[in-house]
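Chain by chain, the residues:
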Amino acid sequence: MEISPKAEAAPAADPWPGYFGDRGHPGASRIGAGVEGVVYRLGDGKVAKVWTGRPPTELTRQVYADIARHRLPFATPEIFEVQEHEGIVVTYERELPGVPMRRDSAHADYERTLPVHHRNALLAVLRGLASVPGTDAMRQLTVQGDDRPLWQDHDRFQDALAALVVRAAARHGAALAGQVPNFGAGVERTLNALRSLPDAPVTAIHGDLVPPNIHTDAASRPVAVLDFGFYTTAGDPAFEAAVTAAVWDMYGPYAEENTAELTRFFAQELGYAPAALTVYQAVYALTTYDLFGMDDNDGHFRWCAEQLRRNTLFSAQVS
């Protein structure tokens with residue numbers, strides 16, 4: 001969830017500061033809110049999250065622990081305790097340092113020239129996460145919108161993703177087909193290309209490295225990565241790079257140019273095959289298109305359709 005670096009005024013009737021005060025945190029203050037819930041600073045390096053969206057599970061807690069045990073150049077979430085109050089889940093977590101790298105592109109236009117310090121910060125995060133081996137707990141996670149662990153019944157990440165594409169296309173693919181020419185042929189090309197990708201290292205995947213989920217310090221160095229869970233899994237680190245290039249600037253006036261530039265940059269700096277990045281970008285659009293809406297009124301749906309129309313796996317002529 002996106003957390004504002006500045007404290008927000010709590011609603012007059014907000015009961016949670018009193019709740020936390022009764023439990024030994026008299027200075028609790030609301031510091032931000034997002035689609036998943038509301039966050040309160042407790043002091044002593046801790047925050048509490050009051051969940052209104054999909055709450056974390058014990059599996060999530062294990063994934064956080066698996067990542068936190070590695071010496072990364074940035075902090076990651078750590079859940080100390082989980083409580084329930086009147087049916088609402090409350091987690092007590094490590095307070096993460098820094099401020100959001102920048103606002104989401106849905107609320108602020110990005111410039112055409114990508115700042116060097118942003119590119120360097122993204123590289124540091126991608127390299128850091130790629131150094132964390134994938135674990136059994138990561139493999140057991142379910143991608144948002146799906147009904148089973150991503151890796152269930154699969155030994156290869158690419159095969160697990162292919163099965164996810166099939167399930168996602170079966171959910172509401174007709175809606176997407178109305179926006180994407182030659183949709184069926186494009187899906188088949190994506191599946192064939194995906195299954196043909198060579199084996200790759202299996203590392204921790206965040207899956208949603210939009211700018212607000214990366215916190216930086218005054219020198220623009222990444223000091224924290226947060227909001228795991230949307231597409232968190234174990235897999236090919238090239239998938240993380242491909243998705244990051246695509247979601248960094250989703251809605252700005254130069255989104256297409258920035259995505260293309262970051263894709264080339266990551267391929268060159270990290271040694272990933274450009275064709276693999278193209279495949280993974282198509283996969284991301286095919287597996288998240290219906291999570292918030294299923295027509296042109298929803299921004300994410302429109303974005304996924306546009307991603308597929310531009311992707312060479314869909315724009316190629318059908319033989």
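Residues numbered from 1 in each chain as written. Predicted model: local features only at pLDDT ≥ 70, side-chain atom pairs only at ≥ 80, totals over all residues. Heavy atoms only, no water.

## What to know about the sheet that holds strand β9 (residues 222–225)
Step number 1: In space, the three strands of this open sheet follow the order β6-β8-β9, with antiparallel pairing throughout. This sheet does not close on itself; its edge strands, each paired only once, are β6 (99–100) and β9.
Step number 2: Each of β8 (214–216) and β9 touches helix α3 (residues 116–130); the most contacted strand, β9, lies at about 50° to it. (Pairing = 2+ DSSP bridges. Helix = DSSP H or I, 4+ residues; strand = E, 2+ residues; numbered from the N terminus. Contact = heavy atoms within 4.5 Å. Axes fitted to C-alpha atoms, helices over the stretch in contact; angles between N-to-C directions.)

## Topic: the side chain of Asp14
Step number 1: With respect to the helices, strands and loops of the structure, Asp14 is situated in the segment before α1 (16–21).
Step number 2: There is no salt bridge for the buried Asp14, and the closest opposite charge comes from Arg30, which lies 4.7 Å off by N-O distance.
Step number 3: Polar contacts involving the side chain of Asp14 include one to the main-chain amide nitrogen of Trp16, which spans 3.0 Å.
Step number 4: Polar side-chain contacts of Asp14 include one of 2.7 Å to the side chain of Tyr40.
Step number 5: Excluding residues within four positions of it along the chain, Asp14 makes contact with Arg30 and Tyr40. (Buried < 20%, exposed > 50% of the residue type's maximum accessible area, 1.4 Å probe, protein only. Lys, Arg positive; Asp, Glu negative; His and termini not counted. Salt bridge = Lys/Arg side-chain N within 4 Å of Asp/Glu carboxyl O. Polar contact = N/O pair within 3.5 Å; in protein donor to acceptor, adjacent residues only side chain to side chain.)

## Examining the packing of aromatic side chains
Step number 1: Counted by the stated rule, this structure contains 17 aromatic pairs.
Step number 2: Aromatic pair Tyr19 and Phe20: ring centres 5.3 Å apart, planes at 75°, arrangement edge-to-face.
Step number 3: Look at Tyr19 and you get buried, because its relative accessible area is 7%.
Step number 4: On the numbers, 6.0 Å between centres and 80° between planes, the contact of Tyr284 with Trp303 is edge-to-face. Pair noted here: Tyr284 is in helix α9 (residues 274–288) and Trp303 is in helix α10 (residues 299–310), with a separation of 19 residues, a long-range link.
Step number 5: One aromatic cluster is present, formed by Trp151, Phe157, Tyr231, Phe239, Tyr280, Tyr284 and Trp303 through successive ring pairs. (Phe/Tyr/Trp six-rings, centres within 6.5 Å; stacked < 30°, edge-to-face > 60°.)

## A word on the environment of Val279
Step number 1: Following the sequence through the fold, Val279 ends up in helix α9.
Step number 2: Remark: the alpha-carbon pair of Val279 and Gln152, spanning 127 residues in sequence, is separated by 21 Å.
Step number 3: Those residues in contact with Val279 that lie beyond four places of it in its chain are Thr190, Ala193, Leu194, Leu197 and Leu313.

## Focus on the pattern of salt bridges
When the charged atoms of two side chains with opposite charge come close together, those side chains can pair.
Step number 1: Enumeration according to the criterion identifies 15 salt bridges in this entry.
Step number 2: The salt bridge involving Glu256 is made with Arg310; its shortest N-O contact spans 3.9 Å. Within this pair, whereas Glu256 is found in helix α8 (residues 255–270), its partner Arg310 is found in helix α10, the two being separated by 54 residues in sequence.
Step number 3: For Glu256, a relative accessible area of 45% gives the class partly exposed.
Step number 4: Measuring nitrogen to oxygen at the nearest pair gives 3.3 Å for the salt bridge that ties Glu306 to Arg310.

## Focus on the sheet that holds strand β2 (residues 37–43)
Step number 1: Strand order in the open sheet made by the five strands is β1-β2-β3-β5-β4, with antiparallel pairing throughout. Pairing within the sheet leaves two strands with one partner each, and these edge strands are β1 (29–34) and β4 (79–85). Taken pair by pair, the neighbouring strands of this sheet meet at an average axis angle of 25°, ignoring direction.
Step number 2: Across six bridges, β2 lies against strand β3 (residues 46–51) in antiparallel orientation. The residue of β3 that forms the bridge with Gly37 is Trp51.

## Let's talk about the packing of α3 against helix α7 (residues 237–247)
Step number 1: Two elements in contact, α3 and α7, have axes whose closest approach is 10 Å; the angle formed by their N-to-C orientations is 155°. Taken as axis vectors, α3 and α7 run roughly antiparallel relative to one another. Remark: the crossing between α3 and α7 carries right-handed chirality. Taking contact as the criterion, the partners of Leu122, Leu126, Leu129 and Ala130 in α3 are, on α7, Pro237, Glu240, Ala241 and Thr244.
Step number 2: Split by residue class, the contact of α3 with α7 holds six nonpolar, one polar and one charged. (Parallel < 35°, antiparallel > 145°, perpendicular 65-115°, else oblique. Left-handed = near helix turned anticlockwise from the far one by under 90°. Nonpolar A, V, L, I, M, F, W, Y, C, P; charged D, E, K, R; others polar.)

## Observations regarding the nonpolar core
Step number 1: Within the largest apolar cluster, 79 residues are counted, with the highest numbers of intra-cluster contacts made by Leu161 and Phe266.
Step number 2: Excluding residues that lie within four positions of it along the chain, Phe266 makes contacts with Leu122, Leu123, Leu126, Ala241, Thr244, Ala245, Gly271 and Tyr272. (Core = buried A, V, L, I, M, F, W, Y, C linked by side-chain atoms within 4.5 Å.)

## Re the confidence of the model for the protein
Step number 1: On average, residues of the protein score 91 in pLDDT, and 94% of them are at 70 or above.
Step number 2: Note that residues 1–10 has pLDDT below 50 and, in this model, 28 contacts with residues that lie over four places away or in other chains. (pLDDT = per-residue confidence, 0-100.)

## Points about the packing of α7 against α8
Step number 1: One can describe the packing of α7 onto α8 by two numbers: an axis separation of 8 Å at closest approach and a directional angle of 155°. Judged by the inter-axis angle, α7 sits roughly antiparallel to α8. The two elements α7 and α8 meet at a crossing, and its hand is right-handed. Where α7 abuts α8, its residues Ala241, Thr244, Ala245 and Ala246 lie against Thr259, Leu262, Thr263, Phe266 and Leu270.
Step number 2: For the contact of α7 with α8, the class distribution of residues is six nonpolar, three polar and no charged.

## Quick notes on helix α6 (residues 183–196)
Step number 1: The terminal C-alpha atoms of α6, which comprises 14 residues, lie 20 Å apart, in line with the 20 Å expected from a rise of 1.5 Å per residue.
Step number 2: Packing partners of the buried residues in α6 comprise α5 (157–177), α9, α10 and α11 (312–315). (Expected span 1.5 Å × (residues − 1).)

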